[in-house]
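Structure at a glance
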Amino acid sequence: MNAPFQPELIGLDRLPVGSKARIASVDWAGLDDGEANRLRQFGFDEGVIVELLHLGPFGRDPLAVRVGRMTVAIRRKHAGAVGVTPIRQ
Amino acid sequence: MTPLPLVAVAGNPNAGKSALFNALTGARQKVGNYPGVTVERHSGRLTLADGRPVEMVDLPGSYSLEPVSPDEAVTRDVLLGRQQGERQPDALIVVLDASNLDNHLRFCLQVIELGLPTIVALNMVDLAKRDGLELDATVLERELGVPVIETVAVRRKGIAELQQSLDDMLSAPFCGVHKPVKSDLIHLQRRAREISAAAVISETPVRRWTHRLDAVLLHPILGPLILAAIMFIMFQAVFAWSEAPKAWIQGGIDWLAVQATVVLPAGFLRSLVVDGAIAGVGAVVTFLPQILILFFFILLLEGTGYMVRAAFLMDRLMHGVGLSGRAFIPLLSSFACAVPGIMATRTIDDPKDRLTTILVAPLMTCSARLPVYTLIIAAFIPNSRLAWGVGLQGVVMFALYITGICGALLAALVLRRGVLKGASGGFMMELPKYQWPLLKDVVLGILTRAQIFLKRAGTIILGTTIILWALASLPQAAPGQKQSDVSIAGAIGRGIETVVRPIGFNHDISMALLPAMAAREVAVSAIATVYSIDSPGEGAGASSLQEKLQHRWSLATALAFLAWFVFAPQCISTIAVTRRETNGWKWPLFMVSYLFVLAYIFAGATYWTAVALGL
C-alpha cells in the first residue's frame, strides 16, 4: 500500500479503515447471482469511489463501506471480490 | 361495483416510503397477506379533494425489479400486474430519498420505464439540506419526464401537493401502454448518477450526524457494550415501567370480579364468569403493559435505524453459528412474538440460513411467555435491590432471556452441523441514516399490537379458558374432595403428570401445559382458573394467585417450570406460521419435537440441581 506512483490493485477487504479507493474491477463471476445483483444494486461498479468506514467488532468482519451516498455492510469474503486502487489523501 | 382506483407506493428500502404512506392514509390502514407468499400487504385509503376514495398499497422496499428476496418479487409482480390477488395499480408514487439519489433513481428509472402513470416524491429534502445538499426538482422532472414533488413525509410537507398531483393524474384518461423493461442494471445505474449529478445545485461537505453516531455505536469496543446496555435497559424497563399500569389493570379486574359476584347468583353461571372468564382472561390482560413496553423498544430500535447496526455488530458471532447478521432482526422481533419474527426471516436470502433462523426463533423469549415468567418470578424471587437500582427480579428475567439466546445459538450451531449442513450465505445490508422516528408512527405500531393482543385475549384465550374451566369444573366434586382431583382436566393432568413428574412438575402444572399450546400466556390463566375453582371466594386476581403458588409449589418446581418455558414447545400460531413458511409439516414437526426434548432435559436438570442444592 505504499507504492508512491503506481496505483496498485488490492482487494477491498485489505483497504485500511478510514481510507478511500476507486473500484477497478469486480469479480462478478466469483459471486453467486443474488450476491452479485445485490452488490450492483448497492451501486458497486467499476470507477465508483468507496470508503471503508467501520469493521465489525469480532474478527474485523463485516465491513461497513460507503458507496456513493449510501453506507452498506458486506462480509469480508465478498469485499475480497472487489478490486480497488487506494486514493491518497 | 367498479373497484376503487389503486395507487401503489414503491421505492428503495429506507426511502421513507412507509412514513409517506402513513402521511397519505393516516390511521386507516389494513395489514393483510399476499396469497401464497408470506409478504405482508399494507393497504389504506385516501380521499381526494373531490371526495373520491382511492385505495393505496405500500409495496415492500426494493432496490430493483430483479428480485433477490421474496419481498422484492412481490413488488415486481404487483408493478407488472402479475401478482395473484392484486390488480395492476392505476398509478404509482415512487419515493426517493433526496440524499441518496444516485442509488434510488435507478429503481425509479426502472419503474418509470414500465409506462404506468407515475409521480415521484422527492422525500426527506430537509435531511438532505441538513447534510449540505441542495437539489433542483425541476431538473429531475425534466430528466425523468414525470411530476416530481418535494416532500418531508414525517412533517406532512408536500403531502397536499402530492394529493393534488395524484388527483390530476387519476382524472386524466390513461390508455395503458406497457413497455417491456429492457435496460440493464449497470446502464440504469450510470444514467441515475448522471441525473443525480445534474440535479445537485450545491453540495457542502458537512460531518454528518450518522457518521458521528456510527463512530461510537459501531466502535469495536464501545459498540458491543452499548448494544448489551440497550438490551439490558430494555428488559429492566419491561419490569420497572409496567408496575403502575399493571396495578391499575389488576384493580379494574378485581373490581369486575367483585361486581360479577354480587350481581350473579351463586352457582354455575357465576363460576363460569368469575372463575372462568374474569380470572383467566384477567390474569393475561394484566401483562398488556409489559408487552407494549417491549414492542415500544423494538419499534424505536427499528425506527431509529439502530436495529441494522445491531445486526452489523452481531453478524460475525451469528456467522460463527451458521446464521447471518440478518437473522438478528427476525430473532429480536421474536422477543415480541415468534410469528412476526418467523415472517421477518423472508429478508434472509439464503434458504438454509433462513430455515435455521425459523427453527431457532421460538427460543427467543416471546412476550407471551412474559406473563408466565413474571408470575413465577414475582412469586418466588425476592424483590431485592442489588445495586444502582438494579433489581434481582430483573436480573433473573434477564438471565432467562440470555438462556434462550444461548439455547438458540447452540441449536443453530448443531443444526448447521447436522440436518442443515452447508455453507452459510452472505450478509449484505444497507446501513440507513439515523433518524428520530415519529411518535405518531410508534404509537400507531403499539396500538396495533395492543389490539392484536386484546383480540387474542378475547378469543383464543377466553375460549381455551372457558373450555378448561368446564373440564376443571366437571364433574362436580363431592364435599371433602378436591375439585382438581375429580374433574376431567384432573384426569388429563394425571396422564401428563406421569410424563413430567420426574422433572418436578406437579398436578396443577400438568393441567396447564396442554392449554398453553393454544397460546403460551394461557398457562397463567389456566393455573388461575384451576386454583380459582379449587378455592372459590378467594378473589380472582393474580396477586392472590402469587400467594397460592407460594403455598403449593416448591422453589425447585418453580425454577423447573421457568426452565421449561425457555424451551417450551410452541404455541399453535407458531407451528402454523412455520408450516406456511416451510411449505409442509416436516419442519414444524421437527421443531416441536426438538424443542420438547430440550425443554424436558433442561427443566429436569434445573429441578434436580435445585433439589440437590436443597432449594
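Residues numbered from 1 in each chain as written. Chains lettered and ligands numbered in written order. Predicted model: local features only at pLDDT ≥ 70, side-chain atom pairs only at ≥ 80, totals over all residues.

**Concerning the overall build of chain B**
Assigned secondary structure in chain B consists of 27 helices and twelve strands. Taken over C-alpha atoms, the radius of gyration comes to 27 Å for chain B, in line with the 25 Å a tight globule of 615 residues would show. C-alpha extents for chain B along the principal axes are approximately 90 × 55 × 45 Å. Within chain B, the proportion of its 615 residues that are buried is 48%. (Helix = DSSP H or I, 4+ residues; strand = E, 2+ residues; numbered from the N terminus. Rg over C-alpha atoms; globule rule 2.2 N^0.38 Å. Buried ≥ 20, exposed ≤ 12 C-beta atoms within 10 Å, placed from the backbone.)

**Examining the confidence of the model for chain B**
All names here are of chain B. Scored by pLDDT, chain B has a mean of 83; 92% of the residues are at 70 or more. Every residue in residues 538-542 is under pLDDT 50, and counting partners more than four places away or in other chains gives 21 contacts. Confidence estimates for the predicted assembly give a pTM of 0.79 and an ipTM of 0.92. (pLDDT = per-residue confidence, 0-100. Contact = placed C-beta atoms within 7 Å.)

**Notes on the sheet that holds strand β4 (residues 63-67) of chain A**
One open sheet accounts for seven strands, arranged β1(A)-β6(A)-β2(A)-β3(A)-β4(A)-β5(A)-β12(B); its pairing is antiparallel. Strands at the two margins of the open sheet, each flanked by one partner only, are β1 (10-11) of chain A together with β12 (429-430) of chain B. One ladder, built from two bridges, connects β1(A) with strand β6 (residues 82-87) of chain A; its direction is antiparallel. From the neighbouring strand, Gly11(A) faces β6(A), where its bridge partner is Gly83(A). (Pairing = 2+ DSSP bridges.)

**Section: the packing of helix α17 (residues 370-380) of chain B against helix α25 (residues 555-567) of chain B**
Residue and element names in this part refer to chain B. Contact geometry of α17 with α25 gives a least axis separation of 10 Å together with a crossing angle of 160°. On the basis of their axis angle, the class for α17 and α25 is roughly antiparallel. Crossing handedness for the pair α17 and α25: left-handed. Two secondary-structure elements touch here, α17 through Val-372, Tyr-373, Ile-376 and Phe-380 and α25 through Leu-555, Ala-558, Phe-561, Leu-562 and Phe-565. Of the residues that constitute the contact of α17 with α25, the class distribution is nine nonpolar, no polar and no charged. (Axes fitted to C-alpha atoms, helices over the stretch in contact; angles between N-to-C directions. Parallel < 35°, antiparallel > 145°, perpendicular 65-115°, else oblique. Left-handed = near helix turned anticlockwise from the far one by under 90°. Nonpolar A, V, L, I, M, F, W, Y, C, P; charged D, E, K, R; others polar.)

**What about the nonpolar core?**
Val72(A), Ala73(A) and Leu562(B) are the most contacted members of the largest nonpolar core, which has 144 residues in total. Here this core gets ten residues from one element, more than from any other, and that element is α25(B). Setting aside anything within four residues of it in sequence, one finds Val72(A) in contact with Phe42(A), Val65(A), Val67(A), Met428(B), Met429(B), Glu430(B) and Leu431(B). Among the nonpolar cores identified, the runner-up in size contains 56 residues, and Leu46(B), Leu92(B), Leu135(B) and Ala199(B) belong to it. (Core = buried A, V, L, I, M, F, W, Y, C linked by C-beta atoms within 7 Å.)

**Side note on the interface of chain B and chain A**
Taken together, the contact pairs 29 residues of chain B with 27 residues of chain A. Element by element, the count of residues in the side of chain B that touches chain A is highest for helix α13 (residues 306-320) of chain B, at five residues. Residues belonging to the side of chain B that touches chain A are distributed by class as follows: 14 nonpolar, eight polar and seven charged. Pairing of strand β5 (residues 70-74) of chain A with β12(B) involves two bridges; the strand directions are antiparallel.

**What to know about the pairing of strand β2 (residues 20-26) of chain A**
Residue and element names in this part refer to chain A. By the bridge criterion, three bridges tie β2 to strand β3 (residues 49-55) in an arrangement that is antiparallel. Each bridged residue has a counterpart across the sheet, and for Arg-22 the counterpart in β3 is Ile-49. Strand direction decides the pairing type here: β2 and β6, joined by six bridges, are antiparallel. Considered in β6, the bridge of Arg-22 is made with Thr-85.

**Examining the environment of Leu514(B)**
Residue and element names in this part refer to chain B. Tracing the sequence through the fold places Leu-514 in the loop between α22 (507-513) and α23 (522-534). C-beta crowding within 10 Å serves as the criterion here: with 19 such atoms nearby, Leu-514 is assigned to the partly exposed category. Along the backbone, Leu-514 and Ile-496 are 18 residues apart, and their C-alpha atoms lie at a distance of 8.6 Å. With residues near it in sequence (within four places) discarded, Leu-514 still touches Ile-492 and Ile-496.

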